[in-house]
Structure formats: C-alpha cells, structure tokens
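Coordinate inspection notes
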Amino acid sequence: MITATSVADLECGFETAAGGPGHDGGVLGAVEYCDRVGGPIVRDGRPFMAMPMGDEDMTRFTEVWRAGTSVVTGQHRGLAYACDGEYLFLCGRTGEDADLATATEEAYLAAFEVVRLLGYPHLARMWNMVHGINDPDGRGGDVYGRFCQGRAMAFERGGVPPGMLPAATCVGSHGGGVAFYLLATRTPRAVHIENPRQTPAYRYPPKYGVKAPSFARATYLAAPDGTGRLFVSGTASIVGSETVHVGDMARQTTTTLENIAVLVGRENLSRYGIDADLSLRDLDGVKVYVKRKADIPVARRICAEVFGPSAAVAYVNVDICRDDLLVEIEAVAPRVRPA
Ligand code: 3EB
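1. Details of helix α4 (residues 249-264)
Residue pairs three or four apart in sequence face the same way in an α-helix, which turns once every 3.6 residues. Taking 1.5 Å of rise per residue, 16 residues should cover 22 Å, and α4 covers 23 Å from first to last C-alpha, within 8% of that figure. Restricting attention to buried positions, one finds in α4 the residues Met249, Gln252, Thr253, Thr255, Thr256, Leu257, Asn259, Ile260, Leu263 and Val264. Among the residues of α4, the N-terminal cap falls to Asp248, whose side-chain oxygen and the backbone nitrogen of Ala250 are separated by 3.3 Å.

Here it is, written out as structure tokens:
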C-alpha cells in the first residue's frame with residue numbers, strides 16, 4: 001500500500017554547489033549537466049552520471065531526485081539504480097562504439113529487466129542525451145533515427161504498447177554516446193497524456209524516421225490523497241507533426257510554450273480524468289534546451305515572463321532531435337491539486 005507521504009516525497013532540485021549533493025540520505029539519483037562525461041556509477045550511496053551538455057563556460061548544475069525513505073542502490077549490466085519502496089531511478093550509457101540502434105535496444109532491454117526484476121515495472125519519465133543526434137547515420141537517415149529505431153524495438157520486445165509509453169526528452173549532447181535515465185514506480189499510477197495540438201509522436205509519418213519516436217507528451221502520477229505530479233516531456237515548436245517557424249527562435253519558443261499551456265490546461269487534463277487546471281506558472285524543474293548558444297538570451301527573455309518567480313529554470317546548449325528545431329522545453333508540475 002502506498003501512502004500519501006511516500007508519494008509526496010519525490011522531489012527534484014537543480015543544485016549548483018560544486019561537488020554535487022552531500023551525503024544526506026534519501027537521494028535516489030543525481031545527474032550532472034556539465035562539460036564532461038562521467039558514470040554511470042554508484043557514488044556516495046547514490047547513482048550518479050555526468051553528461052557534457054555545454055562548453056566550459058556553461059552554468060553547471062546537478063539534477064537531484066530525492067525520495068523520502070531509505071534507498072537501496074545497485075548496478076546491473078552497466079546501469080546504476082536506486083529505489084525506495086515506491087520510486088526507482090536508473091541511469092545508463094551506451095552506443096559509443098557499437099551500432100546505435102542495436103546498442104540502444106540492448107541498453108533499454110537491460111533497463112526494463114532491472115525495473116521488472118526489482119518490481120518497479122511502471123515507467124513514468126525517461127531522458128535521453130544523444131551525442132551527434134543530427135549527424136547522418138550513413139544510411140540516408142540520421143543518428144536520432146537510429147536511436148528511435150533501437151528504442152522502438154526495445155519497447156516492442158518488452159511488450160510496452162503505445163498507450164503505455166512514458167513522458168520523455170531526447171536532445172543532443174557534446175559527447176559520451178547515448179546517456180539515459182529514468183524514473184519508474186512500484187504501483188501502477190501513471191497516466192500518459194497526449195497533446196491535442198500535436199500528433200502522438202508514436203504516430204508520426206515515416207518521413208521522420210523508419211520507427212516513430214516512442215514517448216507520451218506528459219505523464220501524470222496520481223497520489224491516493226487526490227494530488228499528483230505531472231511530468232511534461234520535452235516539447236518543441238511542432239504543430240501536428242510539422243516543425244513550425246523554421247529559423248525563428250522567438251516564435252519557436254512562444255509556440256513551444258503554447259503547446260505546453262494547452263497540454264497542462266484544464267480541458268486537456270479532464271480528458272484523462274484529471275481534475276486540475278494548470279498553467280505555465282505552476283511548473284518547476286524547467287529545462288530549456290537551446291540549439292544555438294547565442295539564442296539563450298532570447299529564450300531567457302521569453303521564459304522569464306511566463307514561469308513563476310520561484311521556478312527553477314535551467315538553460316542548456318545542445319542540439320535538438322530535428323535539425324530545424326531551435327528549442328525544446330521540459331518541466332514538472334510538482335504538486336498538482338484538484339481544481
Ligand atoms: C517532438 O515533439 C520533439 O524522441 O524522446 C521531444 C521529446 C522530442 C522527446 C524523444 C523527442 C523526444 O517530436 C522532439
């Protein structure tokens with residue numbers, strides 16, 4: 001049985017102190033957005049991974065996922081994980097020398113094995129950082145297409161149908177193959193949400209790749225006390241399945257924010273039986289991925305007006321999965337209350 005406390009106790013923070021979080025208990029996992037490759041390892045009693053997500057001038061930060069109770073950690077087939085009785089965090093890295101589709105499929109299947117063996121089979125949120133994401137794959141497609149192919153194969157072989165796909169982010173990185181991390185739960189609480197302004201990614205037409213991207217636009221985790229948490233996937237300037245405002249950073253940012261506002265608004269959530277009315281002001285743990293470093297001030301100016309004054313908003317300079325996308329934004333609505 002899950003209690004409201006165990007559910008409320010998952011917290012995400014961006015910490016900028018050098019050396020990352022201290023030795024305090026209850027940390028499920030830490031991921032450093034920095035200028036170097038590290039891990040995955042279990043260090044200081046928690047899974048840790050470092051990803052090169054900018055140059056040496058970037059504002060480095062560590063994304064720390066905290067849980068309320070004591071945490072058990074382990075490693076399996078190169079993956080590092082921790083779990084607390086309700087939540088599991090796992091991180092992994094692959095694809096530095098092998099074919100990317102095969103490497104991704106194998107790493108994802110290994111991750112599915114861990115979550116099932118440990119009893120946390122319900123995927124809630126996944127992140128993927130893919131080095132050279134826009135590069136040609138030598139077969140007429142791009143690296144993102146190879147990644148999508150491997151990921152789709154893993155979900156098929158793992159028996160995960162489209163409606164069970166979790167919220168995700170997939171962006172570029174400055175090295176280290178494919179780095180990925182995820183959150184999963186022991187109890188089945190996830191509701192996967194689509195956006196009426198966007199074609200479900202798993203139904204994108206084949207011109208975007210042999211296998212469509214495997215993710216939902218958001219995932220809601222309900223708590224027994226009627227509150228919940230909403231993970232908003234990486235969202236871009238896509239209407240239907242087409243990129244809009246090619247070449248225009250300001251308009252792409254505004255469209256992305258409009259897409260998120262519709263996704264989290266009352267009308268859309270009510271389609272999934274969720275009685276909540278969220279706006280951009282309710283979001284925290286925001287990451288704004290910007291393709292061209294010089295565009296970061298544009299993103300800052302627009303985002304400063306829409307997110308709440310206490311929201312954590314991080315700006316990261318990496319490629320986006322489609323070459324014509326200039327920005328992708330993800331977020332968390334941490335304490336969703338009924339409207
Ligand atoms: C899009 O909507 C933009 O492949 O996991 C956003 C979030 C995007 C996740 C993924 C891709 C992914 O298609 C890109």
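2. Some points on the pattern of salt bridges
Within the structure shown, the criterion is met by 23 salt bridges. For Arg60, the salt bridge identified is with Asp35, shortest N-O distance 3.1 Å. Of this pair, Arg60 sits in the loop between β4 (46-52) and β5 (61-66) while Asp35 is found in the loop between β2 (27-34) and β3 (38-43), placing the two residues 25 residues apart along the sequence. Given a relative accessible area of 31%, Asp35 falls into the partly exposed group. Salt bridges linked by common partners bring Glu63, Arg125, Lys287 and Glu330 together as one network.

3. Overview of the packing of helix α2 (residues 100-118) against helix α3 (residues 143-157)
Following both chains from N to C, one finds α2 and α3 inclined at 35°, their axes separated by 7 Å at the closest point. Where α2 crosses over α3, the two elements pack in a sense that is right-handed. Contacts between α2 and α3 involve Leu100, Ala101, Thr104, Glu105, Tyr108, Leu109 and Phe112 from the first element and Val143, Arg146, Phe147, Gln149, Gly150, Arg151, Met153, Ala154, Phe155 and Arg157 from the second. Of the residues contributing to the contact of α2 with α3, the split by class is 10 nonpolar, 3 polar and 4 charged.

4. Concerning the sheet that holds strand β7 (residues 79-83)
Across the sheet, 6 strands lie side by side as β6-β7-β8-β11-β9-β10; this open sheet has mixed pairing. On the outer flanks of this sheet lie β6 (72-76) and β10 (167-173), each paired with one strand and no other. Going from strand to strand, the sheet's axes swing by 15° on average, the running direction of each strand aside. The pairing of β7 with strand β8 (residues 87-94) spans 4 bridges and is antiparallel. In the sheet register, Tyr81 faces β8, and the bridge partner there is Leu90. Those strands touched by α2 are β6, β7, β8, β9 (122-131) and β11 (178-185), and its axis lies near 25° from that of β11. Sheet strands in contact with α3 are β9, β10 and β11, and its direction is about 155° off that of β9.

5. Quick notes on the site of the ligand
Neighbouring the ligand are 13 residues; Tyr144, Arg151, Tyr204, Arg217 and Cys321 lie closest to it. Measuring from an oxygen atom of the ligand, one finds a side-chain N or O atom of Tyr204 at 2.7 Å. At 2.8 Å, a side-chain N or O of Arg217 approaches an oxygen atom of the ligand. For the ligand, whose accessible area on its own is 370 Å², the fraction buried by protein is 100%. When each cavity is represented as a set of grid points, the ligand is found to reside in the largest pocket. Those elements that place two or more of their residues in the shell around the ligand are α3 and β10. Per-element accounting of the shell around the ligand gives the leading share, 3 residues, to β10.

Here is what the cut-offs are and how they apply
- Residues numbered from 1 in each chain as written.
- Predicted model: local features only at pLDDT ≥ 70, side-chain atom pairs only at ≥ 80, totals over all residues.
- Heavy atoms only, no water.
- Helix = DSSP H or I, 4+ residues; strand = E, 2+ residues; numbered from the N terminus.
- Expected span 1.5 Å × (residues − 1).
- Buried < 20%, exposed > 50% of the residue type's maximum accessible area, 1.4 Å probe, protein only.
- Polar contact = N/O pair within 3.5 Å; in protein donor to acceptor, adjacent residues only side chain to side chain.
- Salt bridge = Lys/Arg side-chain N within 4 Å of Asp/Glu carboxyl O.
- Axes fitted to C-alpha atoms, helices over the stretch in contact; angles between N-to-C directions.
- Left-handed = near helix turned anticlockwise from the far one by under 90°.
- Contact = heavy atoms within 4.5 Å.
- Nonpolar A, V, L, I, M, F, W, Y, C, P; charged D, E, K, R; others polar.
- Pairing = 2+ DSSP bridges.
- Near = heavy atom within 4 Å.
- Areas by Shrake-Rupley, 256 points an atom, 1.4 Å probe, with all protein chains shown as cover.
- 1 Å grid on protein atoms, 1.4 Å probe; cavity = no way out; pocket = protein on both sides within 12 Å on 5 of 7 lines; lining within 4 Å.
- Sits in = over half its atoms within 2 Å of the grid points.

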